[in-house]
Amino acid sequence: MIRRAVLLLLASLLLCAGAGQAQAAGYRYWSFWDRDGDRWVYATQGPSTARPSDGDVQGFRFAVSEDSADAARPRGRTDFDTICAKTPAQDGEKRVALLIDFGTTTDAPSGETPPAPRTACAQVSPDATTAEALATVAKPLRYDTNALLCAVSGYPEKGCGEQVAGKRKPSAQEKDTSDDGPSLGLVAGIAVVAVLGGAAIWQVRRRGQS
């Protein structure tokens, strides 16, 4: 009975450890961001419906991400005054600073090389959407039938939000917490050793009493 209980416990612990290390599939797509002070915040609207104000800073990043919480942010610290320094204000128009990050070779589709990240100052009508602002500085744009942004400045040449299998890199938060304590596998091993030790002691005591 004891041996059977130990084996069942060991199996359940190993299953839990394996589940925590399962590979997660990601999606290759352009994510859309708003600049809030000194940090990037995942946009709550799509570029086709978002209507930025004059002086706003927005970013786009091409990468393989599992979801919005895992999405890679646009690289590079920037601000409106820097991006739009050479674009003077005009009556009846707004200026929107854009950071376009084409991502890394790791996230690039097979056979394609991402361009270097760049910034642009879009000068558009006051009611223009982010998509309209982007179209003035980063043509050609490509969308799918569901209005999902597929390509900026023609990159990538093909594909749109396709699923990419394989193990993704851990996020910064995951890296920060990975060293906070023992791994699940270590905890499982300790638990099994403790159960085995307790069983051995129980058997010795039982024999001594018989």
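Quantities reported herein were computed from a predicted structural model and do not represent experimental measurements.

Participant: Is there a simple way to think about helix 3 (residues 130-137) in this case?
Facilitator: Within an α-helix, residues lying three or four positions from one another point in the same direction, as the helix has 3.6 residues per turn. Every buried residue of helix 3 is listed here: Thr130, Ala131, Ala133 and Leu134. End-on, the buried residues of helix 3 take up no more than an arc of 160 degrees, which puts them together on one face. The inward-facing, buried residues of helix 3 contact strand 1 (26-36), strand 3 (57-65), strand 4 (94-101), strand 5 (118-124), strand 6 (142-143) and strand 7 (149-151).

Participant: It is not clear to me how the pairing of strand 3 should be interpreted in this structure. Could you clarify?
Facilitator: Every other side chain in a regular strand lies on the same face of the sheet, so the side chains alternate between the two faces. Here strand 3 lies mainly inside the structure; 8 of its 9 residues are buried. Across 5 bridges, the pairing between strand 3 and strand 4 is parallel. For Val57, the partnering residue across the bridge sits in strand 4 and is Ala97.

Participant: Before we go on, may I ask you to explain the nonpolar core in this structure?
Facilitator: Among soluble globular proteins, nonpolar side chains are generally buried collectively. Of all hydrophobic cores here, the largest spans 20 residues; its most connected members are Trp30, Phe60, Ile100, Leu134 and Val152. Within the residue set of this core, elements represented by two or more residues are strand 1, strand 3, strand 4, strand 5 and helix 3. Considering each element in turn, this core owes the most residues, 3 residues, to strand 4. Leaving out residues up to four positions away in the same chain, Val152 has contacts with Trp30, Ile100, Phe102, Leu134, Ala138, Pro140 and Leu141. Among the nonpolar cores identified, the runner-up in size contains 11 residues, and Tyr29, Trp40, Val57 and Cys121 belong to it.

Participant: Sorry if this is basic, but what is going on with the state of the cysteines here?
Facilitator: The bond known as a disulfide is covalent and runs between the sulfur atoms of two cysteines. By the definition in use, this model includes 2 disulfides. Between the sulfur atoms of Cys84 and its disulfide mate Cys121 the distance is 2.1 Å. Here the disulfide of Cys84 and Cys121 is right-handed, its torsion about the S-S bond being about 100 degrees. Pair noted here: Cys84 is in the loop between helix 2 (80-83) and strand 4 and Cys121 is in strand 5, with a separation of 37 residues, a long-range link. Taken as a pair, Cys84 and Cys121 share a single burial class, namely buried. Linked covalently through their sulfurs, Cys150 and Cys160 form a disulfide whose S-S length is 1.9 Å. In this structure the cystine formed by Cys150 and Cys160 twists about its S-S bond by roughly -70 degrees; its chirality is therefore left-handed. On the criterion of sequence distance, the pair formed by Cys150 in strand 7 and Cys160 in the loop between strand 7 and strand 8 (163-164) is long-range, its members being 10 residues apart. The class for Cys160 is partly exposed, based on a relative accessible area of 26%. Once the disulfide-bonded cysteines of the protein are ranked by sequence position, their pairing pattern turns out to be 1-2, 3-4.

Participant: I'm lost on the pattern of salt bridges in this one. Help?
Facilitator: When their charged atoms lie close together, side chains carrying opposite charge are able to pair. The final tally for this structure, using the stated rule, is 4 salt bridges. Several salt bridges share partner residues, and in doing so they unite Arg61, Arg75 and Asp101 into one network.

Participant: Looking at this structure, how should I read the pairing of strand 4?
Facilitator: Most of strand 4 sits out of view: 8 of its 8 residues are buried. Across the two faces of strand 4 the burial is the same, with Lys94, Val96, Leu98 and Ile100 and Arg95, Ala97, Leu99 and Asp101 all buried. Examined bridge by bridge, strand 4 and strand 5 share 7 bridges and lie antiparallel to one another. Its bridge partner lying in strand 5, Leu99 is registered against Thr119.

Definitions and cut-offs
- Residue numbers run consecutively from 1 along every chain, following the written order of its sequence.
- It should be noted that, the model being predicted, local features are given only for residues of pLDDT at least 70 and side-chain atom pairs only at 80 or more, the latter also being counted only at that level, while totals for whole chains, interfaces and linings use all residues.
- Hydrogen atoms and water are omitted, and side-chain values are computed over all heavy atoms in the structure.
- For the exposure calls, accessible area comes from a 1.4 Å probe over protein chains only, and a residue counts as buried if that area is under 20% of its type's maximum, exposed if over 50%, partly exposed in between.
- Going along the chain from the N terminus, every DSSP run of H or I of four or more residues is numbered as a helix, and every run of E of two or more is numbered as a strand.
- It is the directions from the helix axis to the C-beta atoms that the arc portrays.
- Contact definition: two residues touch when any of their heavy atoms are within 4.5 Å.
- Strands qualify as paired when DSSP identifies two bridges or more between them.
- Buried residues of nine kinds, namely Ala, Val, Leu, Ile, Met, Phe, Trp, Tyr and Cys, make up a nonpolar core once their side-chain atoms join them within 4.5 Å.
- Pairs of cysteine sulfur atoms within 2.5 Å are identified as disulfides in what follows.
- Any carboxyl oxygen of Asp or Glu within 4 Å of a side-chain nitrogen of Lys or Arg constitutes a salt bridge here.

Just geometry here; none of it tells us what the structure is for.
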